[in-house]
Amino acid sequence: MSAKEIRVTQSVLVMGGDGFCGWPTALHLSALGNEVAILDNLSRRRIDAELGIESLTPIASIGERLAVWKRVSGKTINLHPIDIAHDYDALKNVLEEVRPDAIVHFAEQRAAPYSMRSPAAKRYTVDNNINGTHNILAAIVELDLDIHLVHLGTMGVYGYDGSGIEIPEGYLDVKITGADGNLFHRSIVFPTAPGSVYHLTKSMDHLMFQFYARNDGLRITDLHQGIVWGTQTEETRLDPLLINRFDYDGDYGTVLNRFLMQAVIGHPLTVHGTGGQTRAFINIQDTVRCIAIALANPPERNERVKVFNQVAETHRVRDLAALVAGIAGATVAKVDNPRKEAAENELTVSNAAFRTLGYDPILLRDQLLSEIMEIVRKYADRYLPEAIPARSVWTRKNKPGVIKQGRDRS
């Protein structure tokens, strides 16, 4: 899947463009020739300060990042430092001024564990995510703009208890028996079963999109993405100051990144519960490519919301731990599961829509994690040991994922 195949030049606002997925996406879309601007209130950096933890990779200021990108690419990305959840007028003014062809919406608190950390974190996640999404939709309608909205959702809206069927892309064709015994054919939104406050907000986004597409004819694509692994993309490799985030802490560190960090520093790989939880995965390079594909294939006006499952593969957590342990010679430790979820689940996901549009995914077995391991080794002196355990618990009955004295290791 080459850039040439998906090149569609347009004006794009990347909301949340300073974050883990937003930053490399903004650079990739700019490299493809799009006119890109970023809207971001830099809240992810403030959460770092709140948690007392930084990305393992050193992240330059947003001003430095954008200046370096202009130097290495010759392209300008403008920044609008706006809180879209609470400054509706500023958001509306930018949309009216720029009149973008498309919006890529990443401007949401993205970590399930953080969303369960405390009552304050739960309230912040709902306030930020729901208000931000609805303000975008309301502003597009008020200004009567024909904007294609591409939203980064999550496979986690469907939960991890296992449905026993392949999860379709957004919709399920069903037959309902009426009172008179006749069968009625319907296409319904595939039911969500959110497993955290974060996933709950994404489920609510999904419902808002359905309403605004039906009521106002908005053109919306909702991407239900798996867990992202990897750090760098072609664009972030161009200069050290463009490097992407690498989160390894218990709240924001995705499971694979956490395992890799643990392996390099000699910490046992902490597997929650039985490790039988199956998750969907995608490489960060595929994330930015899939966004470009979605932008190049918008829905028509008054068409129902397009839903793509943005995933490459699924793996059980214990199998991932075994993979990393085998590569790095690490040990594995089973710890309590801080989440309220099934101990074992199956997860089968359709990604037919992206496949038909030319998506050829990067798989874990292809990359062998070598580049990520090298990044972790390079910046290992920046890690904080106390940040590794997953301490945010889902209920009072759950316990943090902390290694206890005498706990078996394999």
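Coordinates for the structure precede this section.
Residues numbered from 1 in each chain as written. Predicted model: local features only at pLDDT ≥ 70, side-chain atom pairs only at ≥ 80, totals over all residues. Heavy atoms only, no water.

Participant: I'd like a rundown of the pattern of salt bridges, residues and numbers included.
Facilitator: All told, the structure shown has 22 salt bridges when counted by the stated rule. A salt bridge links D48 to R44; the nearest nitrogen and oxygen atoms lie 2.8 Å apart. Linking D48 with R44, this pair stays in helix α2 (residues 43–51), spanning 4 residues, or about one helical turn. Comparing D48 with R44, the two get one shared label, buried. One continuous salt-bridge network, built from bridges that share partners, spans R44, D48, R110, R245 and D247. (Salt bridge = Lys/Arg side-chain N within 4 Å of Asp/Glu carboxyl O. Helix = DSSP H or I, 4+ residues; strand = E, 2+ residues; numbered from the N terminus. Buried < 20%, exposed > 50% of the residue type's maximum accessible area, 1.4 Å probe, protein only.)

Participant: Account for the sheet that holds strand β8 (residues 219–225), with residues named and values stated.
Facilitator: Ordered by their spatial adjacency, 7 strands build an open sheet running β3-β2-β1-β4-β5-β8-β12, and the pairing between neighbours is parallel. Of all strands in the sheet, those with a lone pairing partner are β3 (78–80) and β12 (306–310), marking the two edges. Strand-to-strand twist across the sheet, computed as the mean angle between neighbouring axes with direction ignored, equals 20°. Direction of pairing for β8 relative to β12: parallel, over a ladder of 5 bridges. Counterpart to H224 in the pairing with β12 is N309. This element, helix α4 (residues 88–98), spans β1 (11–15), β2 (35–39), β3 and β4 (102–105) of the sheet and lies at about 160° to β1. Contacts from helix α7 (residues 197–216) reach β5 (148–154), β8 and β12 within the one sheet, and its direction differs from that of β5 by about 150°. (Pairing = 2+ DSSP bridges. Axes fitted to C-alpha atoms, helices over the stretch in contact; angles between N-to-C directions. Contact = heavy atoms within 4.5 Å.)

Participant: Could you give an account of unusual backbone geometry, naming the residues involved and the relevant values?
Facilitator: The phi torsion at L42 lies on the positive side, around 60°, for a residue other than glycine. One can find L42 in the loop between β2 and α2. L42 gets classed as partly exposed once you look at its relative accessible area, which sits at 23%. Positive phi outside glycine occurs at D144, with the angle close to 55°. Assignment of secondary structure puts D144 in the loop between α6 (119–143) and β5. The exposed category is assigned to D144, whose relative accessible area is 59%.

Participant: If you had to explain the packing of helix α1 (residues 22–31) against helix α9 (residues 284–296) to someone new, which residues and values would you point to?
Facilitator: To characterise two packed helices, one gives the angle between the axes of the helices and the distance between these axes. Following both chains from N to C, one finds α1 and α9 inclined at 55°, their axes separated by 9 Å at the closest point. Here α9 runs oblique to α1, going by the angle between their axes. In this structure, α1 meets α9 at a crossing whose hand is right-handed. Across the interface between the two elements, P24, T25, H28 and L29 of α1 pack against I284, V288, R289, I291, A292 and L295 of α9. Grouping the constituent residues of the contact of α1 with α9 by class yields 7 nonpolar, 2 polar and 1 charged. (Parallel < 35°, antiparallel > 145°, perpendicular 65-115°, else oblique. Left-handed = near helix turned anticlockwise from the far one by under 90°. Nonpolar A, V, L, I, M, F, W, Y, C, P; charged D, E, K, R; others polar.)

Participant: Go over the packing of aromatic side chains, please, and point to the residues and values.
Facilitator: Evaluated as defined, the whole model comprises 5 aromatic pairs. Taking 5.7 Å as the distance between ring centres and 45° as the angle between the ring planes, the aromatic pair formed by Y114 and Y252 counts as tilted. In this pair, Y114 sits in helix α5 (residues 112–115) while Y252 sits in the loop between β9 (227–229) and α8 (255–265), placing the two residues 138 residues apart along the sequence. Summarising the burial analysis for this pair, Y114 and Y252 share the class buried. Taking the centre distance of 5.2 Å and the plane angle of 90° together, the rings of F211 and Y212 count as edge-to-face. On the basis of relative accessibility, which here comes to 37%, the residue F211 falls in the partly exposed class. If you follow R44 out to its NZ or CZ, it ends over the ring of Y252, 3.7 Å from the centre. The positively charged end of R304 is found above the aromatic ring belonging to Y171, 3.6 Å away from the centroid. (Phe/Tyr/Trp six-rings, centres within 6.5 Å; stacked < 30°, edge-to-face > 60°. Lys NZ or Arg CZ within 6 Å of the ring centre and 35° of its normal.)

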